[in-house]
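# Report on the structure
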Amino acid sequence: MHKELIEFIRDMYRSDEFLPLHEPRFRGNEKKYLNEAIDSTFVSSIGAFVDRFEGDFASYHGVEKAVACVNGTAALHMALLLADVNQNDEVITQPLTFVATCNAISYQKAHPIFVDVDRDTLGLSPQALEEFLADNAEITAKGCLNKKSGRIIKAVVPMHTFGHPCRIDEIAAICQIWHITLIEDAAEALGSRYKEQPLGTFGDISAFSFNGNKIITTGGGGMIIAKNPDIVKKAKYLTTTAKVPHPYEFTHDEVGYNYRMPNLNAALGCAQLEHLDSYLTSKREVANLYKDFFSDRDETFIDEPEGGKSNFWLNAILLGDDVDRNGFLRRINKQNIMVRPIWALMNKLPMFKNCQSGPLHNAEWLEEKVINLPSSVRLQA
Ligand SMILES: *Cc1c(COP(=O)(O)O)cnc(C)c1O
């Protein structure tokens, strides 16, 4: 299989060079808008492109407003702060995620709790969430109390792994019953949908990323959207140093953050967003080619889950076990084709190893089997 796969990937990308997992494409208005931003002298945290990027992003999601941030981690941090997650609060998330999800929880000095994922979505399992809450929590006047720790569970942060939608509607319903704020980590999921609805519009607050390896990029960047317009307003205020509006006076009435996306990055974002639909088409083609390739082989292609429309940000397959996996990683990477395993589970990292967790059988099962394959938008598309 290894040799056929190498040939297949090289043929698909028509390249004999190094093939990364996901590289950005700049073939539209990127340079034009960057030049306009430079010529305007507004390269920093104020400028027309930041406002435009926020507006375009909001319309894409059918929401009123969005708030641009310096990166996805800052967007997540802000989302948790806006959800009133503080020291000694708890936040339920999945162990199978990029470390930024848990780092953001730690920035607020809150405690992650790890609950299992579903095998088909790779995202937080509503069933596991329900079981965890039934076993451990009760609703009190202060909120959802974890009877084991005595702390309040303030938020649930599911993550849409590789752009595949998790069962976000069921998770939202559970959060409502248990009085917990739902924050979507939609960093990988721009352009994905669940039951026709864009991901990031299910949560009370949602965070996106435009890092260089994401489906569209601003170099570094992130975005926040939220259901409650007051939260959106507060997000803008806190990400821009909590400045009291005034034509020239500098007054700040609480500790704010310098989290605003610079205009230069937003210029890139405006140009990239113009390509999103064509990127989604190209990435679906790549996914379908992989799906065909693996249809009569032992390895399983991870397809979009039922009811979901994935952006196929990173394609992934399941190998037999970790021995298979390690051999595969060694051989394919040696051929200058980047393949990588899924993240080590968060509950195994030194800083999170003492956190409470439910049973994590699916996450552990996936951890030793999942491999990502090169998934960039094709040049010829
Ligand atoms: C990329 C990513 C982030 C963080 O985004 P940055 O822009 O790199 O800070 C957060 N969560 C997940 C799941 C991601 O993949």
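In the block above lies the structure referred to throughout.
Residues numbered from 1 in each chain as written. Predicted model: local features only at pLDDT ≥ 70, side-chain atom pairs only at ≥ 80, totals over all residues. Heavy atoms only, no water.

It is worth spelling out helix α6 (residues 126-136) at this point. Considered for burial, the residues of α6 that qualify are P126, A128, L129, F132, L133 and N136. Seen end-on, α6 carries its buried residues on one side only, within an arc spanning 160°. Turned more than 90 degrees off the buried face of α6, the exposed positions are Q127, A134 and D135. Against the buried residues of α6 lie β2 (89-93), β3 (111-114), β4 (137-140), β5 (143-146), β6 (152-157) and α7 (168-177). (Buried < 20%, exposed > 50% of the residue type's maximum accessible area, 1.4 Å probe, protein only. Helix = DSSP H or I, 4+ residues; strand = E, 2+ residues; numbered from the N terminus. Arc of directions from axis to C-beta. Contact = heavy atoms within 4.5 Å.)

Before going further, it helps to spend a moment on the site of the ligand. The immediate surroundings of the ligand are formed by 16 residues, with G72, T73, E188, S209 and K214 found nearest. A distance of 2.7 Å separates an oxygen atom of the ligand from a polar atom in the side chain of S209. Across the complex, the protein chains shield 92% of the 380 Å² of accessible surface that the ligand would expose by itself. Looking at the shell around the ligand, the elements with two or more residues in it are α4 (72-82) and α5 (100-107). Counting residues per element, the shell around the ligand draws most heavily on α4, at 3 residues. Considered class by class, the residues forming the shell around the ligand number 5 nonpolar, 8 polar and 3 charged. (Near = heavy atom within 4 Å. Polar contact = N/O pair within 3.5 Å; in protein donor to acceptor, adjacent residues only side chain to side chain. Areas by Shrake-Rupley, 256 points an atom, 1.4 Å probe, with all protein chains shown as cover. Nonpolar A, V, L, I, M, F, W, Y, C, P; charged D, E, K, R; others polar.)

The subject of this paragraph is the packing of α4 against helix α8 (residues 229-239). Remark: α4 packs on α8, axes separated minimally by 10 Å, with the N-to-C direction vectors making an angle of 125°. Judged by the inter-axis angle, α4 sits oblique to α8. For the pair α4 and α8, the sense of crossing is right-handed. Judged by residue contacts, M78, L81 and L82 of α4 engage I231, K234, A235, L238 and T239 from α8. In the contact of α4 with α8, the residues fall into 6 nonpolar, 1 polar and 1 charged. (Axes fitted to C-alpha atoms, helices over the stretch in contact; angles between N-to-C directions. Parallel < 35°, antiparallel > 145°, perpendicular 65-115°, else oblique. Left-handed = near helix turned anticlockwise from the far one by under 90°.)

A full pass over the atoms with the stated rule returns 14 aromatic pairs. On the numbers, 6.5 Å between centres and 25° between planes, the contact of Y290 with F294 is stacked. A residue pair is termed a helical-turn pair when its members lie 3 or 4 positions apart in one helix, as Y290 and F294 do in helix α10 (residues 276-295) at 4 residues. Side by side, Y290 and F294 carry an identical accessibility label, which is buried. Members of the aromatic cluster, joined through ring pairs, are F8, Y290, F293 and F294. The ring of F250 is capped by K243, whose NZ or CZ atom sits 5.3 Å from the centre of that ring. Sitting over the face of the ring of F293, R297 holds its NZ or CZ atom 3.8 Å from the ring centroid. (Phe/Tyr/Trp six-rings, centres within 6.5 Å; stacked < 30°, edge-to-face > 60°. Lys NZ or Arg CZ within 6 Å of the ring centre and 35° of its normal.)

Here strand β7 (residues 181-185) lies mainly inside the structure; 4 of its 5 residues are buried. Note: β6 against β7, 2 bridges, orientation parallel. The residue of β7 that forms the bridge with A155 is T181. Relative to strand β10 (residues 205-209), β7 is paired through 3 bridges, and the arrangement is parallel. From the neighbouring strand, I183 faces β10, where its bridge partner is I205. (Pairing = 2+ DSSP bridges.)

Such coordinate-based values are descriptive only and should not be taken to indicate function.
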